[in-house]
Each structure stands twice: as structure tokens, then as C-alpha cells.
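# Residue-level structural notes
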Amino acid sequence: MIDMRGLHKHPYYPYILSEFKESFSNDCTHNSWSKFKKLHLSITHNRCPICECKLDGSVTRETNNGLMEMNATIDHFRPKDITLYPLLKCDDKNYLVMCKDCNEAYKGNKFPLFGDQIRDITSNSTTNITTEQPLIINPIYDDLLELFILVFTSSLSGKKVLELKPKYEDGYLYEKAKETIKLFSLGNCEVDVHENDNIQNCRINLLHHHYSKFHECAKAFKLGQIKKALSIQKRYNLKNYGFYIFIQKKQFKL
Ligand SMILES: [Zn+2]
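Conventions adopted
- Residues numbered from 1 in each chain as written.
- Predicted model: local features only at pLDDT ≥ 70, side-chain atom pairs only at ≥ 80, totals over all residues.
- Buried ≥ 20, exposed ≤ 12 C-beta atoms within 10 Å, placed from the backbone.
- Helix = DSSP H or I, 4+ residues; strand = E, 2+ residues; numbered from the N terminus.
- Pairing = 2+ DSSP bridges.
- Core = buried A, V, L, I, M, F, W, Y, C linked by C-beta atoms within 7 Å.
- Domains from an automatic or database assignment.
- Contact = placed C-beta atoms within 7 Å.
- pLDDT = per-residue confidence, 0-100.
- Axes fitted to C-alpha atoms, helices over the stretch in contact; angles between N-to-C directions.

Judged by how many residues are buried, strand β3 (residues 72-76) sits mostly within the fold: five of five residues are covered. Direction of pairing for β3 relative to strand β4 (residues 95-99): antiparallel, over a ladder of five bridges. Paired with Ala-72 across the strands is Cys-99, a residue of β4.

Written out as C-alpha cells, the structure is:
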């Protein structure tokens, strides 16, 4: 997962925002909110901030109609669905780039809240919603190191995968991490199986790819072989991944 907390302070943000506002008078559309895509992707190094899949056109997955390119989409973090948060449809602070699978196949219109909280559906600005405690992380606002640890493990079928686990054992942050992992299938990936085989296979292959990419570097950090770990990091350009900060902080289990 990739920390995007610098996004709203990015020097280009005000320019994109004014372009966005000029693009519609009453109701914004896909064309308008897509204007933020490039800027979000510049922070994530062209990756999905949730699953860290590459979004530069180089990754494809099977569909019933052939291969589909994994491309970037703008998600409404609080869903714009008429029964949920329709007033946040044109709120730029509610936008978050994601790959098509994380956005449409996994998250969709889901937006669970902690405990028995009442949804604040009357606010027309994300920043005014201060009492809700969502059970989905938002990498633009949340400190990911306070929510997750990385685990190098094997799936039920024996495939080596890099998964996320909650950092804490109870409380709001635990529930939030647990629900996020389940919702996006970033852990226990062969227990909480996606109904679409193509999407499920793609996710498992991605978690396996992350394992292969990071295992050697994590092992070197664990053994105190810092020089070796840094050289692996440079060789594979691991700094561009959100995972790397977890490895550097030794927030992982081998
Ligand atoms: Zn994704």
C-alpha cells in the first residue's frame, strides 16, 4: 500500500483543481474527475495505491472477452451512490486513484463504518465529516504504518505470497485494517475468494509477484546486511513501492 499523504499539498494541485472546477457548471462527470488521475499517479509512481499493481499499461489480466489492460480509475472513496454519499460526487477530496479491479471488482459501493455509527450523508464536503470512522483505509489521509504489517507467507495452495496483516489486535485500527484486507483481498487471499476466477487469479499472482520482488531484500534487512539490502533496493527500484518503507522499518514477518 502506498502513502499518498502529500497529494493535496502538491504544488500542481491548485492548478488541476481549478481546471476541474472549470470543466463543469452544475454536475461533474467522469471526464472532470479523471483530470486528477495523472497527479495521483505521479505520487504512486504509476501504481495502484491499494494493491500496488503497475498502471502503466504493462499489466493485463484475463477476462471472458480476452485480455484486459489494468488501467487507472478514479474511485469515489465515499461512494457517490444515491443511497450513500451523492453530495460528495464532485468533492475533489473524495477522489482516490485505484486499479480497475480494486475500484470496481473489490470496493464497488462498499463503505463500512465502525460499530453502529450513523452515516453522515448530508455533508457536501469530505473535510466536514469528522465523526465517521470508516473501516476502509484511505492512503491520502491514513498512516499506513499504524495499520499494517507485511507477512511473507504461503497461501492455502502453497503459493508464496506477500500479504498484509493488522498491526494491532483489537480496537478501531485493528477493525479498519482487518476489513480493508478482507475487502481488497490483500491477506488470506485463498480464504476470502473472489467469485470471478480471473480476478482471483490476478490477485494471487500479484501477491506472489510482490513476494518474489521483496523477499530477498527483507531477509537482508532482518540479518542486518544493510549494504546488501540497499543494493537489492537499487537493483529493483524498490523505493517506488509502498512496501519498501515497511521493510526499512522492519515492520514485517518472514
Ligand atoms: Zn489495485
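Membership of the largest hydrophobic core comes to 53 residues, with the highest contact counts inside it found for Cys-48, Cys-51, Cys-99, Cys-102, Phe-184 and Ile-247. The greatest single-element share of this core, amounting to nine residues, is contributed by helix α6 (residues 197-222). Each of two domains, domain 1 (1-137) and domain 2 (143-254), supplies a minimum of three residues to this core. Residues within four places of Cys-99 in sequence aside, it is in contact with Cys-48, Cys-51, Cys-53, Leu-55, Met-70 and Ala-72.

In this section: the confidence of the model for the protein chain. With 100% of its residues at a pLDDT of 70 or more, the protein chain shows a mean pLDDT of 95. By mean pLDDT, strand β1 (residues 60-63) is the weakest element of the protein chain at 92, and β4 is the strongest at 98.

Once that is clear, we can look at the environment of Ile-245. Within the secondary structure, Ile-245 is located in helix α8 (residues 243-248). Setting aside chain neighbours within four positions, we find Ile-245 in contact with Asp-3 and Leu-145.

This brings us to the sheet that holds strand β6 (residues 160-166). Strand pairing in a sheet relies on backbone hydrogen bonds, with the paired strands running either antiparallel or parallel. Spatially, β6-β5-β7 is the arrangement adopted by the three strands of the open sheet, whose pairing is mixed. In the strand order of this sheet, the two ends are held by β6 and β7 (252-253), each with one partner. For strand β5 (residues 148-154) and β6, the ladder comprises seven bridges, and the chain directions are antiparallel. Paired with Val-151 across the strands is Glu-163, a residue of β6. α6 contacts β5, β6 and β7 of the sheet and is inclined by roughly 90° relative to β6.

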